[in-house]
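So the chains spell out like this:
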Amino acid sequence: MSRQASVVSISGDYEETILQYAKHLGRSKNRRVVFDLIYGRGSKPRSRKQIAELLSKTGNTQVIQDALDELAKHHLITRVENGGQVKDGSRFLYGKAEPVRANRDKIVRYADNPSAAKKVPTKRRTAVEIAVSFVKPASRRSVAPRASGVRGARAKLKIALLVTNPDSRASLQTGVEARYIDESIRLSPRANEVDLKIVPAPTLPTLLDTLNSFGPTVLHFSGHAGGQALVFDNEKAGEDGGTVLDFDMIASVLGATRAKPKLLMLVACDTVDGAERFLDEVPVVIAMSDSIGDVAACDFSAQFYRTLSTGESISNALAQAKLVLKAKGYADADLPTLLTRSAGAADKSLL
C-alpha cells in the first residue's frame, strides 16, 4: 500500500497545519459533500464508485474524482491501493486521515470563516498587536553578534541572516532554517565567494550595526510578521513578545545606510502587502503572500541559496526554490513573491 506523509507535523506546527487544512477544504460544495461523507459513519475506506453511489451521483463520477483528488492532494483524506478490499475494480480507496479526524470541527470552522482563521496566531504570524509603539535606536552602540557560517576570504556575495523568535507563545524553528542555509552554501562550488553572517535575536541597533559594518548584499529576515511590520527581539533577555517595527521604519533604516543591500528577503508571513515600500531603497524584494510554515520556509531558503551561491540570477534561484516546494507537495509553493524596482532587476547574478 502507498503511504501518505503530512507536509507538516501536526504536533510541531499545529496551528499552521489546521489553517492549511481549512484553506484547502474551502467552501467548494462538491468537496464538502465528499469530505462530510468520508468523515461520517463507517471506518473502512471506500472506492470512488461507492462514494458516488452513496451520494447518488453515479452519472457524474468525474466531479467526485476531482473532489477526491483535491482532498487527497492536501492530505485531508487518505488514498491507498485497493488490494482487493473492495470488489468493484477500483484502484484506490479513500478514507479518514487521523490528524484531520481528530481536528475536524476546528478545520471546518476555519474553512467556513476565513477571516477568523487569519486572526489565529501561528509560528510565523505572531499574536502580538501591530499597534505596539515603535522604538528608536538606542543611544548606546550595541555589539553585533559574532558572525558564523560560511566565510569567504574574498567574498563577493554577503548574506546577513536575521533570525528572531521573541514570542514564547508562537515559537519558530528559525535556527533550523539558518542551518539549512549554511549547509546549502557550504556545498556550493563557489562557497569561498560567499560570506554568511547569522545574526541571532536581532534588535534595531544590531540591524544598524550589521548594515554598517558588514554591508550585506542580501538582507534576510526570518521570523514573525504581519500588518506591514516585522517583529524584532527585545533589548533585554527575559522579555516576551518582541519589538514591532513597521515597514516605513525599516525602509528608513535602509535609506540611512551607505551600502544598501541588493536583495531583501522576507521569509515571514503576510509580508507582500506594503513591501513595495522597500523598492525605494532596495532593487529586489522577495516576500510571502500568506502564512508560510516552518518546514516549507526551511526547504525554500535552502534551495534558494543553494542556487544563488552558484552564480545563478535571483529570478532563477526563486524559480528553482518554488519548484522544489511544488515537487514536495507543499501548499506554500506559490507564496514567495518577487517585487522589483525595474524590469530585469532580478535577472542578474549577485556573484
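Treat the numbers as computed from the prediction; the structure is a model and nothing was measured.

A. Spotlight on the overall build of the protein chain. In terms of regular secondary structure, the protein chain is built from 12 helices and 10 strands. A total of 351 residues make up the protein chain; the buried ones form 52% of that total. Across the protein chain, contacts joining residues at least 24 apart in sequence account for 72% of those joining residues at least 6 apart. When the accessible surface of the protein chain is summed, it comes to about 16200 Å², and 49% of that surface belongs to carbon and sulfur atoms.

B. Summary view of the pattern of salt bridges. For the structure shown, the criterion picks out 14 salt bridges. A salt bridge links Lys23 to Asp290; its shortest N-O distance comes to 3.9 Å. A residue pair is termed long-range when its members are at least 10 positions apart, and Lys23 in helix H1 (residues 14-25) and Asp290 in the loop between strand S9 (284-288) and helix H11 (294-308) qualify at 267 residues. On the accessibility criterion, Lys23 (42% relative accessible area) is partly exposed. One salt bridge in this structure joins Arg190 and Glu193, with 2.9 Å as the shortest N-O distance. Taking the relative accessible area as the measure of exposure, Arg190 reaches 25% and is therefore partly exposed. Classification of Glu193 as buried rests on a relative accessible area of 15%.

C. Quick peek at the environment of Asn113. The topology assignment puts Asn113 in the loop between helix H6 (104-112) and helix H7 (114-117). Classification of Asn113 by relative accessible area gives partly exposed; the value is 33%. In the structure, Asn113 is positioned 90 residues away from Lys23 in sequence and 9.9 Å away in space, judged by C-alpha atoms. Within the structure, the side chain of Asn113 is placed 2.7 Å from the side chain of Ser115, a separation counted as a polar contact.

D. Geometry of the side chain of Thr164. Positionally, Thr164 belongs in the loop between strand S3 (157-163) and helix H8 (174-186). On the basis of relative accessible area, Thr164 is assigned to the buried category, the value being 0%.

E. Focus on the nonpolar core. Ranked by internal contacts, the top residues of the largest apolar core, which has 37 residues, are Val218, Leu263, Met265, Phe304, Tyr305, Leu308 and Ile314. Elements represented by at least two residues in this core include exactly S3, H8, strand S4 (194-200), strand S8 (263-267), S9, H11 and helix H12 (314-327). Per-element accounting of this core gives the leading share, 6 residues, to H11. In this structure, Phe304 is in contact with Leu263, Met265, Ile286, Ile314, Ala317, Leu318 and Ala321, ignoring residues within four places of it in sequence.

F. Just the packing of aromatic side chains, in detail. What the rule picks out here adds up to 5 aromatic pairs. Centroid distance Phe300 to Phe304: 6.1 Å. Interplanar angle 25 degrees. Geometry classified as stacked. Of the two residues, Phe300 and Phe304 are both situated in helix H11; the distance of 4 residues between them amounts to about one turn of the helix. Each member of the pair, Phe300 as well as Phe304, carries the same accessibility label: buried.

G. Broad picture of unusual backbone geometry. Positive phi, close to 60 degrees, is recorded for Gln228, a residue that is not glycine. With relative accessibility at 36%, the residue Gln228 sits in the partly exposed group. Phi is positive for Asp270, which is not a glycine, with a value near 55 degrees. As for its position among the elements, Asp270 is in the loop between S8 and S9.

H. Summary view of the environment of Thr78. Positionally, Thr78 belongs in strand S1 (residues 77-81). Residue classification places Thr78 among the partly exposed residues on the basis of a relative accessible area of 23%. For Thr78 and Glu98, which are 20 residues apart along the polypeptide, the C-alpha to C-alpha distance reads 9.0 Å.

I. Here's a closer look at the sheet that holds strand S5 (residues 218-222). Spatially, the 6 strands line up as an open sheet ordered S4-S3-S5-S8-S9-S10, and their pairing is mixed. The open sheet is flanked by S4 and strand S10 (336-340), the only strands paired with a single partner. Averaged over all pairs of adjacent strands, the angle between their axes in this sheet comes to 15 degrees, without regard to strand direction. Across 5 bridges, the pairing between S5 and S8 is parallel. Each residue of the ladder has a partner; that of His220, found in S8, is Met265.

Definitions and cut-offs
- Residues numbered from 1 in each chain as written.
- Predicted model: local features only at pLDDT ≥ 70, side-chain atom pairs only at ≥ 80, totals over all residues.
- Heavy atoms only, no water.
- Helix = DSSP H or I, 4+ residues; strand = E, 2+ residues; numbered from the N terminus.
- Buried < 20%, exposed > 50% of the residue type's maximum accessible area, 1.4 Å probe, protein only.
- Contact = heavy atoms within 4.5 Å.
- Areas by Shrake-Rupley, 256 points an atom, 1.4 Å probe, with all protein chains shown as cover.
- Salt bridge = Lys/Arg side-chain N within 4 Å of Asp/Glu carboxyl O.
- Polar contact = N/O pair within 3.5 Å; in protein donor to acceptor, adjacent residues only side chain to side chain.
- Core = buried A, V, L, I, M, F, W, Y, C linked by side-chain atoms within 4.5 Å.
- Phe/Tyr/Trp six-rings, centres within 6.5 Å; stacked < 30°, edge-to-face > 60°.
- Pairing = 2+ DSSP bridges.
- Axes fitted to C-alpha atoms, helices over the stretch in contact; angles between N-to-C directions.

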